[in-house]
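Structural description and commentary
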Amino acid sequence: MIAETPAIRALTELGVPHTVVAHGPVNSLAEAAAARGVEPRDLVKTLVVRRADDDYLFVLVPGDREFSWAKLRDLLGVNRLSMPDAATAQAVTGYARGTITPFGSTRPWPVIADASIVGRSISMGGGQHHVGVMLEADDVIRALGAQVADVTS
């Protein structure tokens, strides 16, 4: 059974059209994409990046790409970024690793969306293991006030 997660509540409250998709356990991004009926490039990962003490951001990256530390540092004008450990990521987002999404996060951290997702139908995490949401990337960008930039390679 799918619980109503903070992510799904937030999407509804924001008026973002979406479809919730539940699936069984998966062991890779490719398996998750197949379980949701999308190509790996349409499964968008949400990464949490630490800029400084108590300063984080979300980076939305398509499943077939890797995000570039150098491009992200240049975009943000910083010399150092890091990924928080799982406990810190959960503390600053409210979500366990593997379920993280900007929607319904405990704090509204800034969002950077890779330019390659613009104009596409995508799937993102639904805030619970084995739950995804299908939606339009442009709706995600608009609802989150995301900055669009080339941050992948």
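This report concerns the structure included in the present document.

To continue, consider unusual backbone geometry. Positive phi, normally seen in glycine, also occurs at Asp54, with a value near 55 degrees. In this fold, Asp54 is placed in the loop between β2 (44–52) and β3 (55–62). Here the phi dihedral of His130 falls at roughly 70 degrees; this positive angle occurs in a residue that is not glycine. Inspection of the secondary structure assignment puts His130 in the loop between β5 (121–125) and β6 (131–136).

Turning next to the sheet that holds strand β4 (residues 111–114). As summarised here, the arrangement of the four strands in space is β2-β3-β4-β7, forming an open sheet in which the pairing is mixed. Each end of this open sheet is capped by a strand with a single partner; those strands are β2 and β7 (147–149). Taken pair by pair, the neighbouring strands of this sheet meet at an average axis angle of 25 degrees, ignoring direction. Two elements, β3 and β4, share three bridges in a ladder whose sense is parallel. Counterpart to Leu60 in the pairing with β4 is Ala113.

Now for the nonpolar core. In this structure, Leu60, Phe103, Ile122, Met124, Leu135 and Val140 are the most contacted members of the largest nonpolar core, which totals 28 residues. Looking at which element gives the most residues to this core, the answer is helix α1 (residues 6–14), with four residues. Dropping the residues within four chain positions of it, Ile122 is found in contact with Asp42, Val44, Val133, Met134, Leu135, Ala137 and Val140. Listed in part, the 11 residues of the second largest apolar core include Val59, Val61, Ala149 and Val151.

Reading the values: rules and limits
Residues numbered from 1 in each chain as written. Predicted model: local features only at pLDDT ≥ 70, side-chain atom pairs only at ≥ 80, totals over all residues. Heavy atoms only, no water. Helix = DSSP H or I, 4+ residues; strand = E, 2+ residues; numbered from the N terminus. Pairing = 2+ DSSP bridges. Axes fitted to C-alpha atoms, helices over the stretch in contact; angles between N-to-C directions. Core = buried A, V, L, I, M, F, W, Y, C linked by side-chain atoms within 4.5 Å. Buried < 20%, exposed > 50% of the residue type's maximum accessible area, 1.4 Å probe, protein only. Contact = heavy atoms within 4.5 Å.

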